[in-house]
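Here is how the chains run, residue by residue.
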Protein chains: 2
Amino acid sequence: SVFYKYQPIDLVRKYFGEKIGLYFAWLGVYTQMLIPASIVGVIVFLYGCATVDENIPSMEMCDERNNITMCPLCDNTCSYWKMSSSCATARASHLFDNPATVFFSVFMALWAATFMEHWKRKQMRLNYRWDLTGFEEEEAHPRAEYEAKVLEKSVRKEYIRKKTDKEKLTWKDRFPAYFTNFVGIIFMIGLTFAIVFGVIIYRISTAAALALSSTPSGRSSVRVTVTATAVIINLVVIIILDEVYGCIARWLTEIEVPKTDKSFEERLIFKAFLLKFVNAYTPIFYVAFFKGRFVGRPGDYVYIFHSFRMEECAPGGCLMELCIQLSIIMLGKQLIQNNLFEIGIPKMKKLIRYIKLKRQRSLDHEEHMKKKQRYEVDYNLEPFAGLTPEYMEMIIQFGFVTLFVASFPLAPLFALLNNIIEIRLDAKKFVTELRRPVAVRAKDIGIWYNILRGVGKLAVIINAFVISFTSDFIPRLVYLYMYSENGTMHGFVNHTLSSFNVSDFQGGTAPNDPMELGYEVRICRYKDYREPPWSENKYEISKDFWAVLAARLAFVIVFQNLVMFMSDFVDWIIPDIPKDISQQIHKEKVLMVEVFMKEEQGKLQMLETWKVKDMKKGENCNNHSPKLSRSQSGSMSSCHSYHIDV
Amino acid sequence: SVFYKYQPIDLVRKYFGEKIGLYFAWLGVYTQMLIPASIVGVIVFLYGCATVDENIPSMEMCDERNNITMCPLCDNTCSYWKMSSSCATARASHLFDNPATVFFSVFMALWAATFMEHWKRKQMRLNYRWDLTGFEEEEAHPRAEYEAKVLEKSVRKEYIRKKTDKEKLTWKDRFPAYFTNFVGIIFMIGLTFAIVFGVIIYRISTAAALALSSTPSGRSSVRVTVTATAVIINLVVIIILDEVYGCIARWLTEIEVPKTDKSFEERLIFKAFLLKFVNAYTPIFYVAFFKGRFVGRPGDYVYIFHSFRMEECAPGGCLMELCIQLSIIMLGKQLIQNNLFEIGIPKMKKLIRYIKLKRQRSLDHEEHMKKKQRYEVDYNLEPFAGLTPEYMEMIIQFGFVTLFVASFPLAPLFALLNNIIEIRLDAKKFVTELRRPVAVRAKDIGIWYNILRGVGKLAVIINAFVISFTSDFIPRLVYLYMYSENGTMHGFVNHTLSSFNVSDFQGGTAPNDPMELGYEVRICRYKDYREPPWSENKYEISKDFWAVLAARLAFVIVFQNLVMFMSDFVDWIIPDIPKDISQQIHKEKVLMVEVFMKEEQGKLQMLETWKVKDMKKGENCNNHSPKLSRSQSGSMSSCHSYHIDV
């Protein structure tokens, strides 16, 4: 309800300690930064909507007059079909596949860089305000589990060792744990891949099945239904596996027995992030980069299990499907997992505990009489589970916002909407649903910062590939500058399609009713760059294919290096520490030193004056007077450094 | 003479101060790191020498039996020539163009990353040993020039201002200077390009002239002579311009009127580096990436000024020429500039001053009588010009070692040899030739570190391009896996050559004596991927060209990302601060705090005991007792942070 107000960060810090304070501050900065991103995203999207009608390729695809007969999408049952029948998808895909998206992905890469810098500054500011500037991690105490393991080990080798030389776990002791970790993670990732593959099989088979039954008219709807269901399956799997992987990561880290709590947390986070990242993005990567790439060609299709043909992308390009996939997974994940789970589960647990309490209270009445203490009431709340899940969810979301933004410019907007709610829900949860956590001091957000940087770097490369390989941006340019005779996009669609002589169908793969379109088909078209049937080496990959491929790769190189350079530049021109803060700090130091010096001097004088009176006491302050006098006699700078050394 | 000994860094620091100490330390680390690099480089080179005889492509080129008739290298005067006549260059180029160089450039990229990390650690160690750990830059005082400018400005606007609010130079005041800088730098870079272009023209024209005169037999030597002379011209120009640019950079920085000495130095270094870098590397870049790329094809050559044909690379590929260029410029620069100038000039100046002194001394005898003071003698030495030139020379050398190492694996070795002498020469110069510089404290090597990082990053990309575009590595792979029928390299040379029908020569470009080779030539070959004369669209760029191009670009992407990832990994696994040092620092802090606490306590007790005796004095120590008691009662951590805050 108060989403428009700023967060009371200082109060949060007072009540929950620096660590949680930093989390909310970070969340605030992130949400704030999302505002410009989502505005630009919406503009880009609107640009797509506006230009959809003067987009020549989609117009050509929709145009009934140049009736292009496409080759069947499946063996036997499917027949030839008209290009114009897939007009809708073509038009829709233009919304996300237009020059503006290229600009937008550059923009988002720079946005990410700016965000990191902005956070660094904010963090510095907070460090100063919460005076953490000089604060350093104390030497962390080893965890109980670690101590236990060490003890057990030292017991195992039968001899008493002096307290002085501490037994520690060597590489030899840890090896089995590390090995288990490695195998476990590999296995988990394999599992994820397997599941994604399963979903693909499902999609192919159901598509075939539906194609069998459905009327020609309803065939166009098949694709949509199949895609949607498949994505939903993906979503469910992802959400379930997320929970599972969370537990597994914890278990793996525990058998690893890290020395300190800090390293425990870092290892846990790293594993959990790796697993959840793979889990969340594998299906998206498949759609973006692999789907429809290994289809083969009419008359020589690629089959898996010798029965299912590899699935193709819609004629409008894979970008459309990628977009659907992204939006469903992102929105679904946010709505179901983050908000529903985060709020629902604690509430439920609370309810259960409350009921349990009720029942037992009915047994003992005298206790029921007296008013309960606050802490007794709070005891009924959920224990605090750490910030990891909160951060994790945000980082994964950050991934959705940056990694594939080229294909889905509305992502920042959805993220923004989610976060505006998220902040307050988290706050509410922390205050009312959970026991008050132990306040922990922290200077920064730790390993999460590095993970963010990593995601940011990855985003540049992935966007480069999405634009050049998933979208039709490059083929259009190539056509425009290499082939188009009148300098317009007219004939682009025709250029991207290769011809196939229906007489070359292998046995049993030709469609059952070739006459479905009402006329006999000799040449059908398919989306690929191959030699026509009448060339001497027919159906071989054509020169155009290589030209386009080269252009795509060249674009990747240019894009990646350009964007990386620009974000390094942003990184360089924005100073990490705000000028005013650094000046403040410096001034304070000098001031403090002065005060301190005065104090010392005063004390020393006193001691000197009294030394004559009392010799014995005089002795015992003599032996540290040299140190004092040193700290006096030194110039400002020298005693300055002296105190810092302390 | 003592090159095998370690440097006495600590003594250097004692005598010259931290800043120069750090320079020598850095130079030491760099030289040390060069040892493994040069060893691997030599091994790679030897591998090249060893495999030159079983290298099929060069064998095929040298083989007389498959007599390939090449198209003339220039119009009219040049005639057709036999491939086998350029056997030598082909064999030579294999020395630098073999799979091992690919490995080596990966190795060097990682080497650079390791070097940076290694230096960071060393620096940390030195900081600890020279206790700079707590040392921070004092607020630097504005330079006199700046003050003057400010004063003048405040005078210009006629009104008196209070001391409190300081006048400062705004963007508006600086704009003209910045503009001049920008224009100046652009102009300088343009100048460099112009000169390089001039040298190209020279090369082309002389080549043509020599071709006219020389006998057919001597024609092969033409290329070598021309290349050599051209490179030497380049070298001379570079060395002269280096001096010029140094002065210009200084001048540009002075008119910019930076506020502090630090920023002055940084701006100066940045400009000087930019100019000298462009100056040193432009000719190399030309040979590496542009030479022989825009030749056109027989019958349709590209001409500059309508008279000179663009120059081609030797049949062995441009890599050979790149290698010659690199070695001559690198060695020449090092020998002439670094050692001769650095030692010669000061000596000469010293001599001149000495002579002058002699003459004036002959005039006044009484002064001549008494023994001169040390400082009077030293006054005759050169004044200290700052470390910038020393660093600059080393960074440029670092560039030679990393940027084009793919084409010249011996670079590290030469660098090493140079540095072993360099260290001692610098030391000697600093001790004997120059006045003792004012000792300056410094925590690190400042902007140089960033420049090194930048060069390292650039190196990855450039090496990727050198391997994929300058060397024949990729075409060979493509041939091996796409075209070769028996899986060997046989026929590779033939595959890289396109055919040209001599009847298609344009008027007046056909050779004058076509019968020079003793038989009539119908089809001549040239190094390019184009359609043969008998295809319907003859002399057009062929499919192979695009395929190879795509492969090359793909290689660049893979190489760049792989190497960048690996060096980030190296960066990540090597901790910046050595473990022992960090522990030491932490321990010391705790210790100091303890000592300090005791002291405080002791004093406080005394004061307490005496408070009763003397009331008046008691008062004045009462009012800081609260602070003290706070620092006592606090736990270790709290008072620790208290002292750090100081």
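Calculation criteria
- Residues numbered from 1 in each chain as written.
- Chains lettered and ligands numbered in written order.
- Predicted model: local features only at pLDDT ≥ 70, side-chain atom pairs only at ≥ 80, totals over all residues.
- Heavy atoms only, no water.
- UniProt positions renumbered as here; feature names shortened; annotations may be inferred.
- Helix = DSSP H or I, 4+ residues; strand = E, 2+ residues; numbered from the N terminus.
- Expected span 1.5 Å × (residues − 1).
- Buried < 20%, exposed > 50% of the residue type's maximum accessible area, 1.4 Å probe, protein only.
- Axes fitted to C-alpha atoms, helices over the stretch in contact; angles between N-to-C directions.
- Left-handed = near helix turned anticlockwise from the far one by under 90°.
- Contact = heavy atoms within 4.5 Å.
- Nonpolar A, V, L, I, M, F, W, Y, C, P; charged D, E, K, R; others polar.
- pLDDT = per-residue confidence, 0-100.
- Disulfide = S-S within 2.5 Å.
- Parallel < 35°, antiparallel > 145°, perpendicular 65-115°, else oblique.
- Patch = residues over 30% accessible without salt bridge, like charges linked within 9 Å, V, L, I, M, F, W, Y side chains within 5 Å.
- Areas by Shrake-Rupley, 256 points an atom, 1.4 Å probe, with all protein chains shown as cover.
- Salt bridge = Lys/Arg side-chain N within 4 Å of Asp/Glu carboxyl O.
- Phe/Tyr/Trp six-rings, centres within 6.5 Å; stacked < 30°, edge-to-face > 60°.
- Pairing = 2+ DSSP bridges.

- Chain A has the name Anoctamin in an unreviewed UniProt entry, where Chelonoidis abingdonii is given as its organism.
- Quoted straight from UniProt, the Subcellular location (unreviewed entry) entry for chain A says "Membrane".

### What to know about helix H15 (residues 447-470) of chain A
Alright, step 1. For H15 of chain A, spanning 24 residues, the distance from its first C-alpha to its last is 32 Å, which sits close to the expected 34 Å at 1.5 Å a residue.
Alright, step 2. The element H15 of chain A is largely enclosed, with a buried count of 17 among its 24 residues.

### So, the packing of helix H2 (residues 18-51) of chain B against helix H4 (residues 87-96) of chain B
Residue and element names in this part refer to chain B.
Alright, step 1. Viewed as axis vectors pointing N to C, H2 and H4 meet at an angle of 145 degrees, and their least axial separation amounts to 7 Å. Judged by the twist between their axes, the crossing of H2 over H4 is right-handed. In this structure, H2 uses Phe-45, Gly-48, Cys-49 and Thr-51 to contact H4, whose residues at the interface are His-94, Leu-95 and Phe-96.
Alright, step 2. When the residues that make up the contact of H2 with H4 are grouped by side-chain class, the tally is 4 nonpolar, 3 polar and no charged.

### As for the confidence of the model for chain A
All names here are of chain A.
Alright, step 1. Of all residues in chain A, 82% have pLDDT values of 70 or greater, and the mean over the chain is 78.
Alright, step 2. When mean pLDDT is taken per element in chain A, helix H18 (residues 543-573) scores highest with 90 and helix H22 (residues 636-645) scores lowest with 36.
Alright, step 3. Between residues 160-165, whose pLDDT stays under 50, and residues either more than four places distant or in other chains, the model counts 2 contacts.
Alright, step 4. In the predicted structure, residues 617-646 sits below a pLDDT of 50 and forms 50 contacts with residues beyond four places in sequence or in another chain.
Alright, step 5. Across the interfaces of the predicted complex, the ipTM metric reaches 0.81, alongside a pTM of 0.82.

### A closer look at the state of the cysteines
Residue and element names in this part refer to chain A.
Alright, step 1. Within this structure, the stated rule accounts for 2 disulfides over all chains.
Alright, step 2. A sulfur-sulfur separation of 1.9 Å characterises the disulfide bridge that pairs Cys-71 with Cys-524. Handedness of the Cys-71-Cys-524 disulfide follows from its S-S torsion of about 85 degrees: it is right-handed. In this pair, Cys-71 sits in the loop between strand S1 (69-70) and strand S2 (81-82) while Cys-524 sits in strand S8 (residues 523-527), placing the two residues 453 residues apart along the sequence.
Alright, step 3. You can call Cys-71 buried: its relative accessible area is 4%.
Alright, step 4. Cys-524 gets classed as buried once you look at its relative accessible area, which sits at 0%.
Alright, step 5. For Cys-323, which is in no disulfide, the shortest distance to another cysteine sulfur is to Cys-49 and amounts to 11 Å.

### Digging into the packing of H18 of chain A against helix H18 (residues 543-573) of chain B
Alright, step 1. Where H18 of chain A contacts H18 of chain B, the two axes come as close as 8 Å, and the packing angle between them is 30 degrees. The angle between the axes of H18 of chain A and H18 of chain B places the two elements in the roughly parallel class. Here H18 of chain A runs over H18 of chain B; the crossing is left-handed. Contacts between H18 of chain A and H18 of chain B pair Lys-543, Trp-546, Ala-547, Leu-549, Ala-550, Leu-553, Ala-554, Val-556, Ile-557, Gln-560, Asn-561 and Met-564 of chain A from the former with Lys-543, Trp-546, Ala-547, Leu-549, Ala-550, Leu-553, Ala-554, Val-556, Ile-557, Gln-560, Asn-561 and Met-564 of chain B from the latter.

### Details of the UniProt feature "transmembrane region" (unreviewed entry) in chain A
Residues and elements named next belong to chain A.
Alright, step 1. Look at the UniProt record and you will see "transmembrane region" (unreviewed entry) annotated at residues 20-47, 100-119, 178-204, 224-248, 268-289 and 394-417.
Alright, step 2. Counting secondary structure, residues 20-47 comes out at 100% helix and 0% strand; the distance between its end C-alpha atoms is 40 Å.
Alright, step 3. Taken end to end, residues 394-417 is 67% helix and 0% strand, and its first and last C-alpha atoms sit 13 Å apart.

### Brief notes about a nonpolar patch on the surface
Alright, step 1. A surface patch of nonpolar side chains, about 510 Å² in accessible area, is lined by Phe-175, Phe-179, Phe-182, Val-183 and Ile-186 of chain A.
Alright, step 2. Turning to its location among the elements, Ile-186 of chain A is positioned in helix H7 (residues 171-213).

### Observations regarding the packing of aromatic side chains
Alright, step 1. In total, this model carries 67 aromatic pairs over all chains according to the counting rule given.
Alright, step 2. Residues Trp-26 of chain B and Tyr-30 of chain B carry aromatic rings whose centres are separated by 5.5 Å and whose planes lie at 15 degrees to one another, so their mutual orientation is stacked. In this pair, Trp-26 of chain B and Tyr-30 of chain B both sit in helix H2, 4 residues apart, roughly one turn of the helix. Each member of the pair Trp-26 of chain B and Tyr-30 of chain B is classed as buried.
Alright, step 3. Plain terms: the ring middles of Tyr-281 of chain B and Phe-404 of chain B are 6.5 Å apart, the flat faces sit at 25 degrees to each other, and that makes the pair stacked. Separated by 123 residues along the polypeptide, Tyr-281 of chain B in helix H9 (residues 261-290) and Phe-404 of chain B in the loop between helix H13 (388-402) and helix H14 (411-433) bring together distant segments of the chain.
Alright, step 4. A relative accessible area of 1% means that Tyr-281 of chain B is categorised as buried.
Alright, step 5. What makes Phe-404 of chain B buried here is its relative accessible area of 0%.
Alright, step 6. Ring-pair connections join several aromatic residues into one group, and the members of that group are Tyr-23, Phe-24, Trp-26, Tyr-30, Trp-111, Phe-115, Tyr-391, Phe-398 and Trp-448 of chain A.

### Here we look at the environment of Ala-464 of chain A
Residues and elements named next belong to chain A.
Alright, step 1. Position of Ala-464 relative to the elements: it lies in helix H15.
Alright, step 2. Expressed as a C-alpha distance, the spacing of Ala-464 and Val-102, which sit 362 residues apart in the sequence, is 8.9 Å.
Alright, step 3. Apart from residues lying up to four places away in sequence, Ala-464 is in contact with Phe-555, Val-556 and Phe-559.

### Focus on the pattern of salt bridges
Residues and elements named next belong to chain A.
Alright, step 1. The final tally for this structure, using the stated rule, is 23 salt bridges over all chains.
Alright, step 2. A salt bridge links Arg-91 to Asp-53; the shortest N-O distance between them is 2.8 Å. Pair noted here: Arg-91 is in helix H4 (residues 87-96) and Asp-53 is in the loop between helix H2 (18-51) and helix H3 (56-62), with a separation of 38 residues, a long-range link.
Alright, step 3. Note on Arg-91: relative accessible area 32%, which makes it partly exposed.
Alright, step 4. Through salt bridges with shared partners, one network takes in Glu-117, Lys-120, Arg-453 and Asp-571.

### Quick word on the pairing of strand S7 (residues 497-501) of chain B
All names here are of chain B.
Alright, step 1. Taking burial as the measure, the 5 residues of S7 include 4 buried ones, the bulk of the element.
Alright, step 2. When S7 meets strand S8 (residues 523-527), the two strands line up antiparallel, connected through 5 bridges. Bridging across to S8, Leu-497 finds its partner in Lys-527.

### What to know about the side chain of Ser-468 of chain A
Residue and element names in this part refer to chain A.
Alright, step 1. Here Ser-468 lies in helix H15.
Alright, step 2. Classification of Ser-468 by relative accessible area gives buried; the value is 0%.
Alright, step 3. What Ser-468 contacts, discounting residues up to four positions off in sequence, is Ile-474, Arg-552, Phe-555 and Val-556.

### Looking at the environment of Gly-602 of chain A
All names here are of chain A.
Alright, step 1. Mapped onto the elements, Gly-602 comes out in helix H19 (residues 579-613).
Alright, step 2. According to the relative accessible area criterion, Gly-602 is partly exposed, its value standing at 22%.
Alright, step 3. Taking C-alpha positions, Gly-602 is 68 Å from Ile-189, a pair spaced 413 residues apart along the chain.

### As for the environment of Met-482 of chain B
Alright, step 1. Among the structural elements, Met-482 of chain B can be located in helix H16 (residues 473-483).
Alright, step 2. Under the relative-accessibility criterion, Met-482 of chain B is labelled partly exposed at 41%.
Alright, step 3. Through-space distance from the C-alpha of Met-482 of chain B to that of Ala-547 of chain B is 9.5 Å; in sequence the pair is 65 residues apart.
Alright, step 4. With near-sequence residues (within four places) excluded, Met-482 of chain B lies in contact with Trp-546 of chain A together with Ala-547 of chain B.

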